[in-house]
Amino acid sequence: MEFDEYYMGIAMAVRKRANCLGRKVGAVLVKENRVISTGYNGTPEGVKNCIDGGCVRCKKKNEYGRAHYDICICVHAEQNALVTAARFGVSIAECTAYSTLRPCFNCTKEMLQGGIVRVVYLHELGGEHQDIDIHTMYIELQKQFKAGVHWLKMDDPEADWANGKKIDV
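What comes next is a walk through the structure. Quantities reported herein were computed from a predicted structural model and do not represent experimental measurements. (Residues numbered from 1 in each chain as written. Predicted model: local features only at pLDDT ≥ 70, side-chain atom pairs only at ≥ 80, totals over all residues. Heavy atoms only, no water.)

Another aspect to go through is the pairing of strand 3 (residues 96-101). Across the six residues of strand 3, six count as buried, placing the element largely inside the fold. Two elements, strand 1 (residues 26-31) and strand 3, share four bridges in a ladder whose sense is antiparallel. Bridging from a neighbouring strand, Ala 27 pairs with Ser 99 of strand 3. Of the pairings in the sheet, the one linking strand 3 to strand 4 (residues 118-123) comprises five bridges and is parallel in character. Residue pairing in the sheet places Leu 101 in a bridge with His 123 of strand 4. Crossover connection from strand 3 via helix 5 (residues 105-114) to parallel strand 4: handedness right-handed. (Buried < 20%, exposed > 50% of the residue type's maximum accessible area, 1.4 Å probe, protein only. Helix = DSSP H or I, 4+ residues; strand = E, 2+ residues; numbered from the N terminus. Pairing = 2+ DSSP bridges. Right-handed = clockwise from strand over helix to strand, strands pointing away.)

Turning our attention to the pattern of salt bridges. Under the criterion given, the structure shown has eight salt bridges. Between Glu 124 and Arg 102 there is a salt bridge, with the nearest N and O atoms lying 3.1 Å from each other. Placement of Glu 124 in the loop between strand 4 and helix 6 (132-142) and of Arg 102 in the loop between strand 3 and helix 5 is noted, with a sequence separation of 22 residues between them. Judged by its relative accessible area of 36%, Glu 124 is partly exposed. By relative accessible area, Arg 102 is classed as buried at 13%. Across the salt bridge formed by Lys 143 and Glu 140, the nearest N and O atoms sit 3.1 Å from each other. A relative accessible area of 54% means that Lys 143 is categorised as exposed. The partly exposed category is assigned to Glu 140, whose relative accessible area is 39%. Residues participating in the shared-partner salt-bridge network are Arg 15, Lys 16, Asp 156 and Glu 158. (Salt bridge = Lys/Arg side-chain N within 4 Å of Asp/Glu carboxyl O.)

No statement about biological role is implied by the geometric values presented.
Put into structure tokens, the structure is as follows:
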């Protein structure tokens, strides 16, 4: 088994803790071939979980759709991995980030600012950047990772569940 598949397998296990009504995402930060932090998407610590009605955006998905991240209270998997490392004083400089979903615009900015050098993802984000100018900015921003952004093509038997297409596993 290649290391990329190994670490993505860990990210897939981590996402099982996600408590979002939509996508379930897991992220793993790896430095010098060691896992230094993990994260999954969900509400901030101490806040009512999304699956328990904590997030208005998820509760009224038909009204808000996929946009309106500014009213979503959930923390993304990549953000949780970054914050967890910071909370325990672990440097993320020169890390590779593994995520079960291609990181969004904001997570991309935060990972670049933190010194992440490489990103490996399992599923395309899709649909979030309909505006061609914004999509172009997003792709250009992701080109700033020193070691690139890589789509890992591997089997994901829980892809529908993880991408919000069915509720049960």
